[in-house]
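One letter stands for each residue in the lines below.
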Amino acid sequence: MRTPKLLRRLLGGPRIALALGSGGARGLAHIPVLEALDELGVKPVRIAGTSIGAVIGAAYAAGMSGKEIRAFAVDALRERGTFVRRLVTLQFGMMRDQLKDILTFHAPPPQFDAVRIAEEFLAEAVPATFAELKIPLAVVATDYWARKEIVFDSGPLRPAVAASMAIPGLARPVELDGRILIDGGATNPLPFDLLRRNADLVVAVDITRSHDRLDNGTIPGATESLFRATDIMTYTIVQEKLRASGPDLLLQPKVHAFGAFDFLRVAAILRAAEPIKAETKQKLKALLDS
């Protein structure tokens, strides 16, 4: 008697799911992978994303093609002046609201509001709710007080994406469903483990920063220390997960030279990531043929 898994393969081929990891601006490297899937005619049955992976995953799940996401990202980030002005406008509003507390030493300098950033920079094609997506999506955030991973796959979409990208020290935590939430990279930077029940093949795109050159002996500043610590944390979490059990196809674009906030280097990041498109096609076709 044939197993259900074999029947699915005989009727329509294996179900493929896609995990898009965290890593800030390096997440632009997810885009060539999406373009490769489009060119192969492969449509994931489910997507899981953390932080920037949730941002790009939401756009793809909404029905945007890889090429459309590339065009949107380049247009939004290419114009340095426009990009900076939009950020300053957002930040100025928050500073004005909190200035009294700052001056009286009742509060530290304000952080970016992740919800407002998500509303400002997510593509218009991204809908208000998970139910409106064309591909099911899981978004990973971290419950700050419970110290555990939280997965959103229903209800309001944009606040969930905002929570997933609320990087500590840069963005204020997001309050949603009675929880205080921060960046999902703190608990699950590459959420391929969320997809095993939904697919026959799991593809994961890892953009954690592993082996970029370090200047030995240099004492980093406070900001650099914070973000480098985040890089170390997310890389270590992913490596431990991979030791336990990895995805069927692990893709690692060569974008380690870029920092999490190098968004204005969008063209350089996309050029560096371009070889991953051919690698994706070759390795995924081999998996499908086998």
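The rules behind each value
- Residues numbered from 1 in each chain as written.
- Predicted model: local features only at pLDDT ≥ 70, side-chain atom pairs only at ≥ 80, totals over all residues.
- Heavy atoms only, no water.
- Helix = DSSP H or I, 4+ residues; strand = E, 2+ residues; numbered from the N terminus.
- Buried < 20%, exposed > 50% of the residue type's maximum accessible area, 1.4 Å probe, protein only.
- Contact = heavy atoms within 4.5 Å.
- Areas by Shrake-Rupley, 256 points an atom, 1.4 Å probe, with all protein chains shown as cover.
- Phe/Tyr/Trp six-rings, centres within 6.5 Å; stacked < 30°, edge-to-face > 60°.
- Lys NZ or Arg CZ within 6 Å of the ring centre and 35° of its normal.
- Axes fitted to C-alpha atoms, helices over the stretch in contact; angles between N-to-C directions.
- pLDDT = per-residue confidence, 0-100.
- Parallel < 35°, antiparallel > 145°, perpendicular 65-115°, else oblique.
- Left-handed = near helix turned anticlockwise from the far one by under 90°.
- Core = buried A, V, L, I, M, F, W, Y, C linked by side-chain atoms within 4.5 Å.
- Expected span 1.5 Å × (residues − 1).
- Salt bridge = Lys/Arg side-chain N within 4 Å of Asp/Glu carboxyl O.
- Pairing = 2+ DSSP bridges.
- Right-handed = clockwise from strand over helix to strand, strands pointing away.

**Concerning the overall build of the chain**
In step 1: The helix and strand inventory of the chain stands at 10 helices and 10 strands.
In step 2: Of all 290 residues assigned to the chain, the portion counted as buried reaches 46%.
In step 3: Across the chain, every contact between residues at least 6 apart in sequence was considered, and the portion connecting residues at least 24 apart equals 77%.
In step 4: For the chain, the accessible area works out to roughly 14,700 Å², and carbon and sulfur atoms hold 56% of it.

**Quick word on the packing of aromatic side chains**
In step 1: Scanning the entire structure with this criterion turns up 1 aromatic pair.
In step 2: Seen in terms of ring centroids, Tyr144 and Trp145 are 4.9 Å apart; in terms of plane orientation they differ by 85 degrees. Their pairing is edge-to-face.
In step 3: Look at Tyr144 and you get partly exposed, because its relative accessible area is 42%.
In step 4: The ring of Phe192 is capped by Lys241, whose NZ or CZ atom sits 4.4 Å from the centre of that ring.

**A few points about the packing of helix H9 (residues 266–273) against helix H10 (residues 275–289)**
In step 1: With their axes 5 Å apart at the nearest point, H9 and H10 run at an angle of 35 degrees to one another. Every residue of H10 that contacts H9 at Arg271, Ala272 and Ala273 is listed here: Pro275, Ile276 and Lys277.

**Focus on unusual backbone geometry**
In step 1: One non-glycine residue, Ser51, lies in positive phi territory at about 55 degrees.
In step 2: Here Ser51 shows up in the loop between strand E2 (46–50) and helix H3 (52–61).
In step 3: A relative accessible area of 5% places Ser51 in the buried class.
In step 4: Backbone geometry at Asp177 places phi at a positive 55 degrees, although glycine is not the residue there.
In step 5: Take Asp177: it is sitting in the loop between strand E7 (174–176) and strand E8 (179–183).
In step 6: For Asp177, a relative accessible area of 56% translates into the label exposed.

**Some details on the confidence of the model for the chain**
Detailed conclusions should not be drawn from predicted coordinates in areas where pLDDT is low.
In step 1: Mean pLDDT over the chain: 87, with 82% of residues reaching 70 or higher.
In step 2: A low-confidence stretch, residues 98–109 (pLDDT under 50), is modelled with 8 contacts involving residues beyond four sequence positions or located in other chains.

**Section: the packing of helix H2 (residues 30–40) against H10**
In step 1: Contact geometry of H2 with H10 gives a least axis separation of 8 Å together with a crossing angle of 45 degrees. One way to sum up the angle between H2 and H10 is to call them oblique. Pair H2 / H10 crosses with right-handed handedness. Contacts between H2 and H10 involve Pro32, Val33, Glu35, Ala36, Leu37, Glu39 and Leu40 on the former and, on the latter, Ile276, Lys277, Thr280, Lys281, Leu284 and Lys285.

**Thoughts on the nonpolar core**
In step 1: Within the largest apolar cluster, 61 residues are counted, with the highest numbers of intra-cluster contacts made by Leu18, Leu28, Ile47, Ile69, Phe130, Leu137 and Phe152.
In step 2: No other element matches the 7 residues that H3 contributes to this core.
In step 3: Excluding its chain neighbours within four sequence positions, the residues that come into contact with Ile69 are Ile31, Leu34, Ile56, Ala59, Tyr60 and Met64.
In step 4: Grouped together as the second largest cluster of nonpolar side chains are 11 residues, Leu190, Phe192, Val202 and Ala204 included.

**Regarding the environment of Leu170**
In step 1: With respect to the helices, strands and loops of the structure, Leu170 is situated in the loop between helix H7 (158–164) and strand E6 (171–172).
In step 2: Sequence-wise, Leu170 and Gln111 are 59 residues apart; in three dimensions their C-alpha atoms are separated by 5.5 Å.
In step 3: Aside from chain neighbours lying at most four places away, what touches Leu170 is Gln111, Phe112 and Phe261.

**A look at helix H8 (residues 222–244)**
In step 1: With 23 residues, H8 extends 34 Å from end C-alpha to end C-alpha; this agrees with the ideal 33 Å at 1.5 Å per step.
In step 2: Buried within H8 we find Phe227, Asp231, Thr234, Val238, Gln239 and Lys241.

**Side note on the pattern of salt bridges**
A side chain with one charge may pair with a side chain of the opposite charge, provided their charged atoms come close.
In step 1: Counted by the stated rule, this structure contains 17 salt bridges.
In step 2: Residue Lys277 pairs with Glu39 through a salt bridge whose shortest N-O separation is 3.7 Å. With a gap of 238 residues between them, Lys277 in helix H10 and Glu39 in helix H2 connect regions that are remote in the sequence.
In step 3: Judged by its relative accessible area of 41%, Glu39 is partly exposed.

**Here we look at the environment of Arg228**
In step 1: With respect to the helices and strands, the residue Arg228 is situated in helix H8.
In step 2: Residue classification places Arg228 among the partly exposed positions, given a relative accessible area of 23%.
In step 3: Once the C-alpha coordinates of Arg228 and Ala260 are considered, the two residues, 32 residues apart in sequence, prove to be 9.4 Å apart.

**Re the pairing of strand E1 (residues 16–20)**
In step 1: In terms of residue burial, E1 counts as a mostly covered element, since 5 of its 5 residues are buried.
In step 2: With burial as the criterion, each face of E1 is covered, one bearing Ile16, Leu18 and Leu20 and the other bearing Ala17 and Ala19.
In step 3: Here 5 bridges tie E1 to strand E9 (residues 201–205), and the two strands are oriented parallel to one another. Bridge assignment links Ile16 to a residue of E9, and that residue is Leu201.
In step 4: Here E1 runs beside E2; their pairing, made up of 4 bridges, is parallel. Within the sheet, the bridge partner assigned to Leu18 lies in E2 and is Ile47.
In step 5: Following the chain from E1 across H2 to the adjacent parallel E2, one finds a crossover that is right-handed.

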